[in-house]
Amino acid sequence: GMPMQQPMMQTGMPMQQPMMQTGMPMPMTQGGGVGPDGLPLPVFVQDPLVELNAAQSCLVEQEFELLEVLTGCETKNRYNVSINSAGFGGGKKTLFTCKEESSWCSRNCCPSDSRPFDMKVRHLIGQNAQTGELMSNPYINFNKEFKCTCCCLGRPEMIGTLEQGGFFGKIIEPCSICSPFFYIYGKDNVIKYTIYIDCSQCGFFCRSGLCGKLSEVQMQIFQGATTEGAAVGSIVRKVMGMQELISDADTYLVNFPPMATAEEKLMIIGGVLMIDYRYYEDNGSDDNNTGHSGGHRRRRRRYRYHRY
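Residues numbered from 1 in each chain as written. Predicted model: local features only at pLDDT ≥ 70, side-chain atom pairs only at ≥ 80, totals over all residues. Heavy atoms only, no water.

Colleague: It is not clear to me how the environment of Cys150 should be interpreted in this structure. Could you clarify?
Modeller: Here Cys150 lies in the loop between strand E7 (134-144) and strand E8 (157-162). Assessed through its relative accessible area of 46%, Cys150 is described here as partly exposed. Each C-alpha atom, one on Cys150 and one on Cys175, is 9.0 Å from the other, the two residues being 25 residues apart in sequence. (Helix = DSSP H or I, 4+ residues; strand = E, 2+ residues; numbered from the N terminus. Buried < 20%, exposed > 50% of the residue type's maximum accessible area, 1.4 Å probe, protein only.)

Colleague: Mind showing me how you'd approach the nonpolar core here?
Modeller: Most often, soluble globular proteins have nonpolar side chains that are buried together. Counting residues in hydrophobic clusters, the biggest one holds 46 residues, and the most contacted among them are Val60, Met119, Phe142 and Met219. With 11 residues, helix H7 (residues 262-279) is the single largest residue contributor to this core. The contact partners of Phe142, leaving out residues within four places of it in the chain, are Phe117, Asp118, Met119, Val121, Met158, Ile159, Gly160, Ile171, Leu266, Met267, Gly270 and Leu273. (Core = buried A, V, L, I, M, F, W, Y, C linked by side-chain atoms within 4.5 Å. Contact = heavy atoms within 4.5 Å.)

Colleague: Honestly, the pairing of strand E9 (residues 167-172) in this entry has me stumped. Any pointers?
Modeller: Every regular strand shows the same layout, with side chains that alternate between the two sheet faces. Burial of E9 is extensive: 5 of the 6 residues sit out of reach of the surface. With 5 bridges connecting them, E8 and E9 associate as antiparallel partners. Bridging from a neighbouring strand, Glu157 pairs with Ile172 of E9. The turn joining E8 and E9, which pair antiparallel and follow one another in sequence, is formed by 4 residues; a positive phi near 105° is taken by Gly165. Pairing of E9 with strand E10 (residues 181-185) involves 3 bridges; the strand directions are antiparallel. Across the sheet, Ile172 pairs through a bridge with Tyr183, a residue of E10. (Pairing = 2+ DSSP bridges.)

Colleague: Please clarify how the pairing of E8 should be interpreted in this entry.
Modeller: For E7 and E8, the ladder comprises 5 bridges, and the chain directions are antiparallel. By the bridge assignment, Ile140 is partnered in E8 with Leu162.

Colleague: Sorry, what's going on with the confidence of the model for the protein here?
Modeller: Model confidence for the protein is summarised by a mean pLDDT of 75, while 69% of its residues fall at 70 or above. The spread of mean pLDDT over the elements of the protein runs between helix H8 (residues 293-307), the lowest at 36, and strand E11 (residues 191-197), the highest at 96. Note that residues 14-31 has pLDDT below 50 and, in this model, 24 contacts with residues that lie over four places away or in other chains. Across residues 33-37, confidence stays below pLDDT 50; counting only partners more than four residues off in sequence or on other chains, it has 7 contacts. (pLDDT = per-residue confidence, 0-100.)

Colleague: I would appreciate a short explanation of the packing of aromatic side chains in the present structure.
Modeller: Think of a pair of aromatic rings as described by two things: how far the centres are apart, and how the planes are tilted against each other in angle. Inspection of the entire model under this criterion finds 6 aromatic pairs. Relative to Tyr277, the ring of Phe117 lies with its centre 4.2 Å away and its plane at 20°, an arrangement referred to as stacked. Here Tyr277 lies in helix H7 and Phe117 lies in strand E6 (residues 117-128), a separation of 160 residues in the sequence. Judged on exposure class, the residue Phe117 and its partner Tyr277 are both buried. A connected cluster of aromatic rings, assembled from ring pairs, spans Tyr79, Phe117 and Tyr277. (Phe/Tyr/Trp six-rings, centres within 6.5 Å; stacked < 30°, edge-to-face > 60°.)

Colleague: I tried to follow H7 on my own but got confused; where do I start?
Modeller: Along an α-helix, residues three or four positions apart point the same way, because every turn accommodates 3.6 residues. Between its first and last C-alpha, H7 extends 26 Å over 18 residues, near the 26 Å set by a 1.5 Å rise per residue. Within H7, 17 of the 18 residues are buried, which leaves the element mostly enclosed by the surrounding structure. (Expected span 1.5 Å × (residues − 1).)

Shown next as structure tokens:
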């Protein structure tokens, strides 16, 4: 019944450090502050739906791909989704990274508006304090199958599913005469919102020209399956200066409807991704498609070669 004696630590001996067991999580930082290069560090959140529920707006930024500019071959698109209720002057909270999964042939041989892909949306949870690597978890997946669209046939559709499985919502572009619009469905398969694009805007109608590339595009969000009445939200395609002339990387500011749930806001973000592929993405197969900026730009280049 006598207690075991504890060994006494001799004076001057260093204390032993506990060893990290296999499988223990690496130490992470939640970001914030200013990095060594003087730029603000990203701020990560633990529950993206909680943050989305309180967010009034978000920023969807497509990453600039230097390899795509140098080679002319379409690479996998990447997007960053961040929020900041106080505006986007600094201190953005990073919610998601979106990475396209597709084959080389689908990116460079299929028209961009018909291009099939899987968009893997991952939730950023932190940054490895030792390596600086961003840590993320799979969250949701957007799948868009190949569609040969002709008038009311083969209309584009993108399905949202949870990483664990289960229908989350979908985006469909119905047939329209001039101005396109998109239906945003919730997980109950009911139309929640309609995104409407006025085709008379220079940034949409002349998007292959210099004027169109340097013009913002305003898109309106309406409640339900209608474009009547007052808009409850908006999407703005921002102009990023000289980047617009050398790359198809785009930036969108989304002003959410006040009554939208976090799940509905996530589906609206999916609608932004679908709009970008449908109308603002270029690839090598767009030469015969006059509705895309890539087709106009590459035709001019071919004529120039022929002249010489």
